[in-house]
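One letter stands for each residue in the lines below.
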Amino acid sequence: MTEESRGQTAAHIRDVMTTDGAAVNEQIRNLNANRYESVAAFDDYETCRERAREIKERAIENLPTLIETVTEQVEANGGHVHVATDGAAANRYVQDVLDEQAGETVVKSKSMTTEEIGLREHLAEAGADVFETDLGEFVIQLAEESPSHIVGPSLHKSREEIATLFNEQFDPDSPLETPAELTAFAREYLGERMKEADLGITGANFVLAESGSVVLVTNEGNARKSAVVPDTHVAVAGIEKLIPSIEELHPFLELIARSATGQDIAQYVSLLTPPVESPTLDFDRPDQPIDATDDDREFHLVLLDNGRTAMREDPHLRETLYCIRCGACLNSCANFQQVGGHAFGGDTYTGGIGTGWVAGLDGPDATAAFNDLCTSCSRCVPNCPVKIDIPWINTVVRDRRNNGNTPDAVDHLIDPLVPDQESTGLDRQKRFFGNIDTVLRLGSALAPVSNWALSLPGVDRLLESTVGIDRRRSLPQLATETFRSWWADHHEDPDSADTTVHLFVDLYTNYLYPERGKAAVRLLRELDLSVEVTPVLPSGRAPLSQGMITTATEQANEVAEALESPIAADEPVLVIEPSDLALFRSEYSKLLPTETAAKIDAGTAGILEYVSPLIKSHTEIESGASGEIVFHSNCQQRTAGFEEPTVEALEALGYDVRTTDVECCGMAGSFGYKSQYYELSMAVGDDLEPQVADTDVLASGTSCVAQIGSLTDGDEPPHPVELVERAWAEHRS
């Protein structure tokens, strides 16, 4: 990416934040509040997630059989099934159905699958009058825009904007203003279109193979009307919507509305086994008795492949097919909350899961505009009702994009000079941040000269133009004495120590913040533990965040080799940097052999995760006696579930601890340093700023430390282990 293209990306994000940001942020906050409340009150939430995941895994595995079963059953019911290989084939089939009836008017309900293939536009170009009947989709159709959200397509529009749109389009006798007026107008207008319709098109949330039933989950009832008011119903569904039978439906009905809108159940859950037996209606002759024996109904089920079979065969993109399109992942994403799908998404599918869909349907390069907006913070993973590892999908697609780059002449000169294992042509900004271990090692060797050089006039502009570090960012100071240098003169362990622990020396503790490492050593020795330290080890987190999987794998193997001996000796390895520990507990299972990854997971612990029980067993300090403190934990630390031990250790030492509640600080490793994302990063941080300003703050993640320093225009907060060590020493003295 050139400086010019980085500038264009920044400008696009800035524009979307200006036009869509406020409405998107407000709507998603409301959805999240409702979702958190509904999920918290549902005791069987995790059980349903497990069950839903199992059903989806099995259904995708058995997809060819399910397609055969549903085809036989729908045809036995009197309907028709067409398996479309691509969008063009699906569109042609639906048009043929309309043409055979000499139909002109079509009503359809919201369907991302039909959005994917452009069915409405196709039929309109063929001369049909097509009306979206979902209120949000109707707004989008009138505005001639693309959806900004899987569940709320017009979520980016304010009431005032929608009122202006309606008044301009329809010129009502009295201007429409309130939500009630706008909704009533749309209901009446679209109700008339339904009466005129020759064809009704729906999607399907689920298709039950055994019975040939279509399940529609909505809040407006328009999908059911679109299915049963016109004589002919066409349901267009991706083949991944098939599940075996009604026996498997229950967990999805428990999860989908909770995850989407925070409702215990949607307003309308319709199970139709078409052709339905309800008589057709003649709205021109409302007084004529309806004939219950009417057999004019027609049903067509269009099952869309369009690349899904290839996704099923792809071990990394396959999980995308488990998606039930609830939007919970979008809503839990800090970046998405600021820009919505018009910056973070393709034409149809948006957010982190959009990367899987777009890459699967159109190839990895089609995600180039938004794939990097997933920062792998992992907050979406516990919120996904079918437990899709969305960050990993984004990492794999990023890696595939990297390997598809065309190298230029400069790349051929740079490639032999860099230590990574990536192909020639890798974006230079990604290459810089993916090799941050080398950058820190060389810079530290020259400190303090390197710190002085970075402060010279024009250096910030040079870094921005070459490797895309935003000039508005303050760079951390390189330590003049690294942690490992300090350690060389501090080997003394307590005579009473009979347990040995190993401190994992991460890049940031060694080169930038050695005080946290020193505090950890002092604390462990105060607890009568013998301390050993590892070599300085890049964990693989930095290259993985850039989609450099080969390099990350090599570094993971080096870590595995270094930790093999202490783990075999049953001597715990303690980790200060939470993003590294989260890596050991999650992505290492994808980078290393299963047994090796499991050993590292079992043999490592967060520094405060390990010492918290020891401190709690030796202190009885009254809660609040030491004062108040705010703790901001790294987002991956929260997802991986090792935030609480830090809180417990601080409380045991008498602190009244308040934790921040934002999804992410916005920095997310290198993301906030990149010039194209700086403004988005700071906008995400705005939600955190009120919680950390003008108070004593601790932060565990290195990038969180930098972001809080920027947000508060003050000192960077210390790592919790530094305060715990001081408080423990005071308690013991």
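Residues numbered from 1 in each chain as written. Predicted model: local features only at pLDDT ≥ 70, side-chain atom pairs only at ≥ 80, totals over all residues. Heavy atoms only, no water.

With that settled, the discussion passes to the sheet that holds strand E3 (residues 129-132). By definition, the strands of a sheet pair up through backbone hydrogen bonds, in either a parallel or an antiparallel sense. Strand order in the open sheet formed by 6 strands is E1-E10-E7-E4-E2-E3, with parallel pairing between adjacent strands. Because the sheet does not close on itself, it has two edges, and the strands there are strand E1 (80-84) and E3. Sheet twist, expressed as the average angle between the axes of neighbouring strands with direction ignored, equals 20°. Sheet topology places strand E4 (residues 199-202) next to strand E7 (residues 232-238); 4 bridges connect them, and they run parallel. Residue Gly200 lies in a different strand from E7, and its bridge partner there is His233. (Pairing = 2+ DSSP bridges. Helix = DSSP H or I, 4+ residues; strand = E, 2+ residues; numbered from the N terminus. Axes fitted to C-alpha atoms, helices over the stretch in contact; angles between N-to-C directions.)

This paragraph deals with the sheet that holds strand E5 (residues 206-208). Strands sit in the order E8-E5-E6-E9 across an open sheet of 4 strands; the sheet is mixed. On the outer flanks of this sheet lie strand E8 (242-243) and strand E9 (268-272), each paired with one strand and no other. Here E5 pairs with strand E6 (residues 213-218) via 3 bridges, running antiparallel. Of the residues in E6, the one forming a bridge with Val207 is Val214.

This paragraph deals with the pattern of salt bridges. All told, the structure shown has 40 salt bridges when counted by the stated rule. Here Arg461 and Glu3 are joined by a salt bridge, their closest N and O atoms 2.8 Å apart. Here Glu3 lies in helix H1 (residues 3-19) and Arg461 lies in helix H22 (residues 459-467), a separation of 458 residues in the sequence. By relative accessible area, Arg461 is classed as partly exposed at 34%. Relative accessible area serves as the criterion here: at 31%, Glu3 is assigned to the partly exposed category. Between Glu240 and Arg325 there is a salt bridge; the shortest N-O distance is 3.0 Å. Taken as a pair, Glu240 in the loop between E7 and E8 and Arg325 in the loop between helix H13 (308-313) and helix H14 (328-331) lie far apart in primary sequence, 85 residues in all. (Salt bridge = Lys/Arg side-chain N within 4 Å of Asp/Glu carboxyl O. Buried < 20%, exposed > 50% of the residue type's maximum accessible area, 1.4 Å probe, protein only.)

Okay, the packing of helix H34 (residues 678-685) against helix H36 (residues 702-712) next. For any two helices packed against each other, the geometry is given by the interaxial angle and the distance between the axes. Two numbers describe how H34 lies on H36: the axes approach to 10 Å, and their chain directions differ by 80°. Classified by the angle their axes make, H34 and H36 are roughly perpendicular. Every residue of H36 that contacts H34 at Ser681, Met682 and Gly685 is listed here: Gln707, Ser710 and Leu711. Within the contact of H34 with H36, the residues separate by chemical class into 2 nonpolar, 4 polar and no charged. (Parallel < 35°, antiparallel > 145°, perpendicular 65-115°, else oblique. Contact = heavy atoms within 4.5 Å. Nonpolar A, V, L, I, M, F, W, Y, C, P; charged D, E, K, R; others polar.)

Time to look at the nonpolar core. Leu242, Leu301, Ile353 and Ile388 are the most contacted members of the largest nonpolar core, which has 93 residues in total. Taken together, domain 1 (3-280 + 293-309) and domain 2 (483-732) each give at least three residues to this core, which thus spans both. Setting aside chain neighbours within four positions, we find Leu242 in contact with Ala59, Leu63, Leu66, Ile67, Val70, Val207, Ala209 and Leu303. Core analysis: the next-biggest nonpolar cluster, separate from the first, contains 36 residues, Val501, Leu524, Ile607 and Val657 among them. (Core = buried A, V, L, I, M, F, W, Y, C linked by side-chain atoms within 4.5 Å. Domains from an automatic or database assignment.)

Per the stated rule, a full pass over the model turns up 18 aromatic pairs. A centroid spacing of 5.2 Å and a plane angle of 25° characterise the contact between Tyr349 and Trp357, whose relative ring orientation is stacked. Each member of the pair, Tyr349 as well as Trp357, is classed as buried. In this structure an aromatic cluster arises from ring pairing among Phe131, Phe138, Phe166, Phe170, Phe185 and Tyr189. Sitting above the plane of the Phe131 ring, Arg193 keeps its charged end 5.8 Å from the centroid. Of note, Arg258 hangs over the ring of Phe42, and the distance from its end group to the ring centre comes to 3.9 Å. (Phe/Tyr/Trp six-rings, centres within 6.5 Å; stacked < 30°, edge-to-face > 60°. Lys NZ or Arg CZ within 6 Å of the ring centre and 35° of its normal.)

Moving on, we come to the state of the cysteines. As enumerated under the stated definition, the model contains 0 disulfides in all. The structure places no disulfide on Cys635, whose sulfur is separated from the nearest cysteine sulfur, that of Cys664, by 4.2 Å. (Disulfide = S-S within 2.5 Å.)

Side chains of Ile246, Ile265, Val269 and Leu271 sit close together on the surface and give an oily, nonpolar patch of about 320 Å² of accessible area. Topologically, Ile246 is positioned in the loop between E8 and helix H12 (250-261). (Patch = residues over 30% accessible without salt bridge, like charges linked within 9 Å, V, L, I, M, F, W, Y side chains within 5 Å. Areas by Shrake-Rupley, 256 points an atom, 1.4 Å probe, with all protein chains shown as cover.)

What the domain assignment reports for the chain is domain 1 (3-280 + 293-309) and domain 2 (483-732). Averaged C-alpha coordinates put domain 1 and domain 2 at centres separated by 45 Å. On the side of domain 2, 8 residues touch domain 1, which itself brings 10 residues to the contact. Taken together, the two surfaces of domain 1 and domain 2 that pack against each other cover about 690 Å², and 53% of this comes from carbon and sulfur. (Buried area = accessible area lost by both parts, 1.4 Å probe.)

Another point: a negative patch on the surface. Where like charges cluster on the molecular surface, the negative patch consists of Glu554, Glu558, Glu561 and Glu564. By secondary structure assignment, the location of Glu558 is in helix H27 (residues 549-568). (Lys, Arg positive; Asp, Glu negative; His and termini not counted. Charge placed at Lys NZ, Arg CZ, Asp CG, Glu CD.)

Below, the discussion takes up helix H2 (residues 21-40). A rise of 1.5 Å per residue sets the reference length of H2, with its 20 residues, at 28 Å; its end C-alpha atoms lie 28 Å apart and thus fit the reference within 8%. Turning to H2, its buried residues number three or more, namely Gly21, Ala23, Val24, Asn25, Ile28, Leu31, Asn32, Arg35, Ser38 and Val39. Taken together, the buried residues of H2 touch H1, helix H3 (45-61), H12, H14 and helix H15 (334-339). (Expected span 1.5 Å × (residues − 1).)

Within the secondary structure, Cys48 sits in helix H3. Put simply, Cys48 and Leu242 are 194 residues apart on the chain and 18 Å apart in space, counted from C-alpha to C-alpha. Discounting residues that sit within four places of it in the chain, Cys48 has contacts with Phe42, Pro251, Glu254 and Leu255.

Moving on to the pairing of strand E15 (residues 627-632). Bridge analysis of E15 against strand E16 (residues 655-659) gives 5 bridges, and the strand direction is parallel. Bridge pairing in E16 places Phe631 opposite Thr659. Alignment of E15 against strand E17 (residues 697-699), held across 3 bridges, turns out to be parallel. Bridge pairing links Val630 to Val697 in E17.

Time to look at H12. Within H12, 10 of the 12 residues are buried, leaving the element largely enclosed by the surrounding structure. The complete set of buried residues in H12 reads Pro251, Phe252, Leu253, Leu255, Ile256, Ala257, Arg258, Ser259, Ala260 and Thr261. Remark: Gly262 follows H12 within two positions and exhibits a positive phi of approximately 80°.

We now examine the UniProt feature "domain: LUD" (unreviewed entry) in the chain. Per the UniProt entry, the sites bearing "domain: LUD" (unreviewed entry) are residues 67-275 in this numbering. Regarding residues 67-275, the helix share stands at 46% and the strand share at 19%, and the terminal C-alpha atoms are separated by 18 Å. (UniProt positions renumbered as here; feature names shortened; annotations may be inferred.)

Glancing now at the pairing of E7. Most of E7 sits inside the fold, with 7 of its 7 residues counted as buried. Neither face of E7 is open: one carries Thr232, Val234, Val236 and Gly238, the other His233, Ala235 and Ala237, and all of them are buried. Sheet topology places E7 next to strand E10 (residues 298-304); 7 bridges connect them, and they run parallel. Opposite Ala237, over in E10, you have Leu303 as the bridge partner.

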